Amino acid sequence: MARQNNALTPVLHRLRRPLTLTWAGLIAERIVRAFWPLWSLVAAFAGAMMLGLHEVLSFEILWSVIVLALIAVVAASVIGVRQFNWPRRSEAMARMDAALPGHPLAALADSQAIGADDPASEALWQAHQKRMAERAATAKAVEPDLKLSNRDPFGLRYVALLGLVVALLFGSIWRVGSVGQMGAGPGAALASGPAWEGWVEPPSYTGLPSLYLSDIDTRITAPEGSRITIRLYGEVGALSVSETVSNRTDGLGAATDPSQSFDIVQDGDLTIDGPGGRSWKVSAVRDVPPRVELMPEGARTNYDGQMSQPFRAIDDYAVVSGTASFTLHLPHVARDHGLRIDPEAREPIVLDLPMPIAGNRAVFSETLIENLSEHPWAHLPVTMQMTVVDAKGQVGTSEIIELDLPARRFFDPLAAAIIEQRRDLLWSKGNGPRVSQVLKAISYNPEPGLFRKDSAYLKMRVIISDLDKKVRAASLNDEARDEIAQAMWDLALLLEDGDIGDALERMRAAQDRLNEAMKNGASNEEIARLMQELRDATQDYLRQKSQQAQRDNNTDQRGQTPQDFMEMSQDDINDMMERIQELMEQGRFAEAQQALEEFQEMMENMQVTEGAGGNSPGREAMEGLADTLRQQQGLSDQAFRDLQEQFNPGAQAGESQGNQGRNGGQGQGQSHEGQNGQGEGQGTQQGREGTPQQGGQGSLADRQEALRRELERQRGNLPGMGGEAGENARRSLERADDAMRGAEQALRDQDLAGALDNQSEAMDALRDGMKNMGEALAQEQNPNGQGEAFSQLGESGSDPLGRNNGNGSQTGGDQRGLPDQDVYGRARELLDEIRRRTGESARPEIERNYLQRLLDRF
């Protein structure tokens, strides 16, 4: 035994700290296992009392619950005491020894049983003891096992703890003290003394926090409608409440009621009388009705009749909705022709005002955008008034303004006449016979050119026939009238916009509209719109003439000497158009009409020559960059679809349908022209060495790398370009290369949002490079800047107006993507859709951040 003490005692002396910690862990472990039901019961009971459970229970039920809780606490305490066994230090040493390999502490406590007299055996034993001592010296404190899952499989202890945490956050510890006052008699109440608590809750729509009366000194400022709640504790009658803020006359309780609630409707006083009482001056902040102001300086009407009316809304807290109402101003209507008879009753036009999707709605500015061209009141005097509503239900209105209902204007005389008769028919069904007679007079023996297409004349006859039948049969009801009115609208659009496939006829139609606009005194906006139509029609005409010259191989030019030509640059054509527009805006219509006739004669007699460059290196370089731009657009579209699918699986089939057939459809290098663009892009792509096949199975990063290498090859084969434009082209292509490199790295890092940003920058740089390259090539061909306007109008050059032709694939920087559609309307629709998706909180944050960057950019 002495030998044992000699071996173990020094080790235990060194292990005193870990042994003590292990022993303390054993104590904690046994306390938790024995008394967890006790502290769970205490936590549950305390949480219920702090949340005021005793205030909603009757006296009998409350004290029954208290008695049962006390019995349960006593039983849990007794069971815990019986289960608890104070651990000995030997148990702590045994647990520590069990955690060590080989149980070194037990080995050190052993003594040599045999061979004590044998020196070899004695040496072996000493070596064994030494090794065990070294192993014991590495002992550490053993963590206690505090898990109770096997003893509490339902997690009741966590339920009790959660209730206590909720009570601490939302309850009051002072409520526990009121338990003894309930039915305890006046003696207990007097012993504890009276107490009170109270708070002010502003209306929820204000977003203001609650105020505790104990934290307020002498003045309370709160919005009207705020609710004051006061609780009195102690002997009934010791405290009382008096107030002059609620203006109550009915349903008043006693001033000493333990619980009182009332609303603030006016300024006044609030007093709690009694021991520890307080008094406050209450100021009721009135909720001012919302206001809405029209902003006439920003009001405008587009050429297609779309109205834009800015407005500004103001409220104390938030405007929740609004409307704009248009009412026919009958006294100001010119009652002639079809408007002589009384109109049919119609409800006012009510449009919902746009509200901010996110952000502050207390003060904001928005724009009401609507097209009312098809309404019966189009161009008639109306009154407009805007109305906004706040969360309290208060209504604010703007001033009433008088205006003609904004709508589309028709410059074709026949289309304008049909629209006028449509208005008369919608004004009253009693105008049916008159409208039929007028339409018959218009269409009887029409002059040549009145109906540009036979289909328009046939539609007119069908409308007249249907209207006659309805009038004779006295069956012209609202539904039939509306169908005929819709047919008249469609016919007017056909006559106004036309269905002209021939470029020359379209250009003549645009010039006729300009002439009609000058006669009718059109506004500057309408003149600008019609001039843009003329520019587009002229561009199409010149492109057709160029293609015809290529097909005929310039046979119409042979035999003519240079002096037979009058060379014109693109600047000359632009200057002529701008001069015509300037004359019209200045009201000098006679001079403008003469200039327009000269322009028309010049364009009709124009002969277009093709440049002598043939398949020049400059043109080949432009074609290569056009292919690269198309393929980069395809990669960008595919990356965006992958981003949507990554964070919103299953949404691509629905929300990404709008991308089908768009630029780069499904990553195949498609253009905006759908299948044609696809065939062209792929055909050129297959015929170009080194161009990546975007339809392959490689990853987006690999395809991006291949496209970047193709751009490097193209940069190395660029033709010699001097001047500032050539240097700008090289810098732009270098910037595109860097952006592609960044997109490639982002794709490899699975950062789709960052890749999309870099791809967008690469496309912008490519467009800039192509534009600068075209300018540089044009300068080299004509250093004086006065080159022929009709040269280099081939497959990839510039048209006479200086816009990149781009092979019909949307590669030109200035070319319009939807020549026969309302591109501005489409842009608004896309922006509205991006805003809608940005406001959807269910979408992944990375996608919403990308959409927000799009909004910030455009």
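Conventions used here
Residues numbered from 1 in each chain as written. Predicted model: local features only at pLDDT ≥ 70, side-chain atom pairs only at ≥ 80, totals over all residues. Heavy atoms only, no water. Core = buried A, V, L, I, M, F, W, Y, C linked by side-chain atoms within 4.5 Å. Buried < 20%, exposed > 50% of the residue type's maximum accessible area, 1.4 Å probe, protein only. Helix = DSSP H or I, 4+ residues; strand = E, 2+ residues; numbered from the N terminus. Pairing = 2+ DSSP bridges. Axes fitted to C-alpha atoms, helices over the stretch in contact; angles between N-to-C directions. Parallel < 35°, antiparallel > 145°, perpendicular 65-115°, else oblique. Left-handed = near helix turned anticlockwise from the far one by under 90°. Contact = heavy atoms within 4.5 Å. Salt bridge = Lys/Arg side-chain N within 4 Å of Asp/Glu carboxyl O. Phe/Tyr/Trp six-rings, centres within 6.5 Å; stacked < 30°, edge-to-face > 60°. Lys NZ or Arg CZ within 6 Å of the ring centre and 35° of its normal.

**Digging into the nonpolar core**
Then step 1. Membership of the largest hydrophobic core comes to 37 residues, with the highest contact counts inside it found for Leu625, Met721, Leu766 and Met773.
Then step 2. Listed by contribution, the elements that provide at least two residues to this core are α19 (617–647), α22 (700–716), α23 (723–748), α24 (752–781) and α26 (845–857).
Then step 3. A total of eleven residues in this core trace back to one element, the largest contributor, which is α24.

**Here we look at the sheet that holds strand β7 (residues 268–273)**
Then step 1. Taken together, the four strands give an open sheet; going across it, the order is β3-β8-β7-β5, and neighbouring strands pair in mixed fashion. Looking along the sheet, the strands with just one partner apiece sit at the ends: β3 (219–223) and β5 (240–243). The mean inter-strand angle of the sheet, taken between neighbouring strand axes irrespective of direction, is 20 degrees.
Then step 2. Inspection of the sheet shows β7 paired to strand β8 (residues 279–285) by four bridges, in the antiparallel sense. Bridge pairing links Asp269 to Lys281 in β8.

**Some details on the packing of helix α2 (residues 16–50) against helix α4 (residues 59–83)**
Then step 1. Contact pair α2 / α4: the axes reach a minimum separation of 7 Å and the direction vectors enclose 160 degrees. Classified by the angle their axes make, α2 and α4 are roughly antiparallel. Handedness of the α2/α4 crossing: left-handed. Contacts between α2 and α4 pair Arg33, Ala34, Phe35, Pro37, Leu38, Leu41 and Phe45 from the former with Ile66, Ala69, Ala72, Val73, Ala76, Ser77, Gly80, Val81 and Gln83 from the latter.

**Focus: the sheet that holds strand β6 (residues 259–263)**
Then step 1. On the basis of which strands lie adjacent, the open sheet formed by four strands has the order β2-β1-β4-β6 and antiparallel pairing. Looking at strand neighbours, the two that pair on one side only are β2 (211–212) and β6, the edges of this open sheet.
Then step 2. Strand direction decides the pairing type here: strand β4 (residues 227–233) and β6, joined by five bridges, are antiparallel. When the sheet's bridge partners are listed, Ile228 is paired in β6 with Phe262.

**Quick word on the pattern of salt bridges**
Then step 1. Overall, the coordinates contain 35 salt bridges when judged by the stated rule.
Then step 2. Notably, a salt bridge pairs Asp424 with Arg434, separated by 3.1 Å at the nearest N-O pair. Placement of the pair is Asp424 in helix α11 (residues 413–427) and Arg434 in helix α12 (residues 432–443), with a sequence separation of ten residues.
Then step 3. Asp424 gets classed as buried once you look at its relative accessible area, which sits at 0%.
Then step 4. In this structure Arg434 comes out as partly exposed when scored by relative accessible area, which is 26%.
Then step 5. When salt bridges that share partners are traced, they join Asp702, Glu705, Arg708, Arg709, Glu712, Arg715, Asp737, Arg741, Glu744 and Arg748 into one network.

**Some thoughts on the packing of aromatic side chains**
Then step 1. For the structure on display, the rule yields nine aromatic pairs.
Then step 2. When the ring of Phe35 is compared with that of Phe84, the centres are 6.4 Å apart and the planes differ by 45 degrees; the resulting orientation is tilted. Placement of Phe35 in helix α2 and of Phe84 in the loop between α4 and α5 (89–98) is noted, with a sequence separation of 49 residues between them.
Then step 3. Here the aromatic rings of Trp199 and Tyr212 are separated by 6.5 Å at their centres, their planes lie at 55 degrees, and the arrangement is tilted. One end of the pair, Trp199, is in strand β1 (residues 195–201); the other, Tyr212, is in strand β2, and 13 residues separate them in sequence.
Then step 4. Take Tyr212: its relative accessible area is 47%, and that puts it in the partly exposed class.
Then step 5. Counting every residue linked through ring pairs, the aromatic cluster contains Trp23, Phe35, Phe84 and Trp86.
Then step 6. Against the face of Phe410 rests Arg408, its NZ or CZ located 5.2 Å from the ring centre.

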